[in-house]
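Here are the chains, one letter per residue:
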Amino acid sequence: MTLLLRYEPPFTTPINCGLIELDIDPAAERYVVMDRINLTVLWHGVPPAVGNAKIRLPLSYTIENNLMALILDDAGSPSYYVNGNDKIQASLVDARTVQLNP
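Reading guide: rules and limits
- Residues numbered from 1 in each chain as written.
- Predicted model: local features only at pLDDT ≥ 70, side-chain atom pairs only at ≥ 80, totals over all residues.
- Heavy atoms only, no water.
- Pairing = 2+ DSSP bridges.
- Helix = DSSP H or I, 4+ residues; strand = E, 2+ residues; numbered from the N terminus.
- Axes fitted to C-alpha atoms, helices over the stretch in contact; angles between N-to-C directions.
- Buried < 20%, exposed > 50% of the residue type's maximum accessible area, 1.4 Å probe, protein only.

Student: Quick question: what am I supposed to make of the sheet that holds strand 4 (residues 53-57) here?
Tutor: As a general point, the strands of a sheet are linked pairwise by backbone hydrogen bonds and lie either parallel or antiparallel. The strand order across the open sheet formed by three strands is 4-1-7, and the pairing between neighbours is antiparallel. Edge positions in the open sheet fall to strand 4 and strand 7 (91-94), since each of these has one partner strand only. Looking at each pair of strands side by side, their axes are set apart by 45 degrees on average, direction ignored. Note that strand 1 (residues 16-22) and strand 7 share four bridges and pair antiparallel. Among the inter-strand pairings, Leu19 is bridged to a residue of strand 7, identified as Ser91.

Printed below as a string of structure tokens:
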């Protein structure tokens with residue numbers, strides 16, 4: 001029987017990335033995070049069961065406020081209520097240590 005042991009020193013340099021946290025209405029069915037300059041969809045998903053939605057983004061979004069978030073309520077009356085926030089700037093976090101949604 002061969003036993004292998006591998007040791008790697010702990011990482012000391014952080015991996016920087018951006019993080020935004022969205023407080024989403026419980027009645028919402030989905031949300032979208034977009035680049036407001038060219039309207040590229042960066043994230044599209046359903047809200048988490050509990051807590052706020054946390055999304056990791058590229059580091060460039062921590063420098064300028066070029067994000068837009070839309071929260072959609074498809075079952076609302078009348079249908080398709082949309083609530084949004086513009087000019088969002090991501091927070092600088094370490095990608096290894098940040099806690100995302102379960």
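Student: Would you explain the sheet that holds strand 3 (residues 41-45) in this entry?
Tutor: Taken in spatial order, the four strands line up as 3-2-5-6 in an open sheet, and their pairing is antiparallel. Only two strands of the sheet have a single neighbouring strand rather than two, namely strand 3 and strand 6 (81-88). Neighbour to neighbour, the strand axes of the sheet diverge by 10 degrees on average, direction disregarded. Here six bridges tie strand 2 (residues 30-35) to strand 5 (residues 67-73), and the two strands are oriented antiparallel to one another.

Student: Sorry, what's going on with unusual backbone geometry here?
Tutor: With the exception of glycine, most residues fall at negative phi, and the peptide bonds are largely trans. Positive phi, normally seen in glycine, also occurs at Leu39, with a value near 60 degrees. Relative to the helices and strands, Leu39 resides in the loop between strand 2 and strand 3. You will see that Lys87, though not glycine, has its phi angle at about 60 degrees, which is positive. Following the sequence through the fold, Lys87 ends up in strand 6. Judged by relative accessible area, Lys87 falls into the partly exposed class, the value being 48%.

Student: It is not clear to me how the pairing of strand 2 should be interpreted in this structure. Could you clarify?
Tutor: Both faces of the sheet carry side chains from a regular strand, because those side chains alternate between them. Here strand 2 lies mainly inside the structure; five of its six residues are buried. When strand 2 meets strand 3, the two strands line up antiparallel, connected through four bridges. Pairing of Val33 across the sheet is with Trp43, part of strand 3. Connecting strand 2 to the next strand, strand 3, in antiparallel fashion are five residues, including Leu39 with a positive phi near 60 degrees.

Everything listed here is a matter of coordinates, which is why it stays silent on function.
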